[in-house]
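Per-entry structural report
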Amino acid sequence: PKDETIIENFGETLYYIMVRKEDQAFIDDIDRAIDLMNIEIPNWRSDLYARYYGAQDMNNKLTDREQALLEKLHEEKAVIRAVLAPDSAPYSYYENGECQGITADIFKATAERLGLDYEFLPAATKQEYIDILTSGSADVWLDSDTENPTVGETYYRTTEPYLKTTVSMLRQRRASSQIKKLIVLSNDRTVKELVSANWPNAAVVAAETTEQCV
């Protein structure tokens, strides 16, 4: 594009797919599939590299204190009570009364690896979720929110999230970098922080669906 300047060129990691040269229809299908992957999963090359060539070590070692706590929970046959935000799909939501989403899957896998029994406390609305937090009935709070509530004399603080996501912007090719108005899919706190940090003077309008946003 004429309105862009190349600052630096970086080396590419190429992926090769071997097919018979006479299978042109198959080659065309592969090219279309890669184009769709670039749209739907922009980081797929990095994900594949990390999976097959990245660091293989996992930090599974528990401290003596953590191991003692885990053994105590096993002896007591404790059931870990967890609650998650019901309005944070695809990370956490409820479907037919069952907890679903990326956050729920990570918690389930972690609990099963540690050999712990667990249950999810139902929260149909965000207010019910907050009520459960303030009541202190949940042992584990599963959320990506940045709020730090005080429950009684206990102050809960969320750690830095282990789950990272990318943010994509759809704009016309020759759109000016001076963004004056943004249409976003949601208007939650995280989105507000991203917008204010990158486009402090832009007006923001929230849309409910991708179609409305486009």
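Please refer to the structure higher up on the page.
Presented here is an overview of the structure given in this document. For every chain, the first residue of the written sequence is number 1, and numbering continues from 1 onward in sequence order. Only residues with pLDDT of at least 70 are given local features in this predicted model, and only at 80 or more are side-chain atom pairs given and counted; all residues enter the totals for whole chains, interfaces and linings. Just so you know, side-chain values use all the structure's heavy atoms and leave hydrogens and water out.

Focus: the pairing of strand S1 (residues 79-84)
Inclusion rule: Being paired, for any two strands, means DSSP has found at least two bridges between them. Helix and strand definitions here come from DSSP, where helices need a minimum of 4 consecutive H or I residues and strands a minimum of 2 consecutive E residues; each element is numbered from the N-terminal end.
As judged from the four bridges shared by S1 and strand S5 (residues 117-120), these two strands associate in the parallel manner. From the neighbouring strand, Arg81 faces S5, where its bridge partner is Glu119. Pairing of S1 with strand S6 (residues 140-142), which is carried by three bridges, proceeds in the parallel orientation. Paired with Ala82 across the two strands is Val140, which belongs to S6.

Focus: a nonpolar patch on the surface
Basically, it comes down to this: Residues enter patches when they are more than 30% accessible in relative terms and free of salt bridges; like-charged ones are connected within 9 Å and nonpolar ones (Val, Leu, Ile, Met, Phe, Trp, Tyr) within 5 Å. Each accessible area value is a Shrake-Rupley result obtained with a 1.4 Å probe; residue values ignore everything except the protein chains displayed when judging cover. Think of a salt bridge as a Lys or Arg side-chain nitrogen and an Asp or Glu carboxyl oxygen that are within 4 Å of each other.
Among the surface-exposed residues, Tyr15, Leu48, Tyr49, Tyr52 and Tyr53 lie close enough to one another that they form a single nonpolar patch of about 590 Å² accessible area. Considering the arrangement of structural elements, one finds Tyr52 in helix H2 (residues 44-53).

Examining the side chain of Thr103
Using the following cut-off: Contact definition: two residues touch when any of their heavy atoms are within 4.5 Å.
Looking at the element boundaries, Thr103 is found in helix H4 (residues 102-114). Once residues lying within four places of it in the same chain are set aside, the contact partners of Thr103 are Tyr91, Ser92 and Leu142.

Section: the side chain of Ser92
As a reminder of what qualifies: Each residue gets one of three labels from its accessible area relative to the maximum for its type: buried under 20%, exposed over 50%, partly exposed in between, using a 1.4 Å probe on protein chains only. N or O atoms within 3.5 Å of each other form a polar contact, as long as, within protein, one can give a hydrogen and the other can take it, and as long as residues adjacent in sequence are counted only when both atoms are side-chain atoms.
Looking at the secondary structure, you find Ser92 in strand S3 (residues 92-95). What makes Ser92 buried here is its relative accessible area of 2%. Of the polar contacts made by the side chain of Ser92, one reaches the backbone oxygen of Ala85; its length is 2.6 Å. The contacts of Ser92, once residues within four sequence positions are left out, are Leu84, Ala85, Pro86, Asp87, Gln100, Gly101 and Thr103.

The values reported here are purely geometric and, on their own, carry no functional implication.
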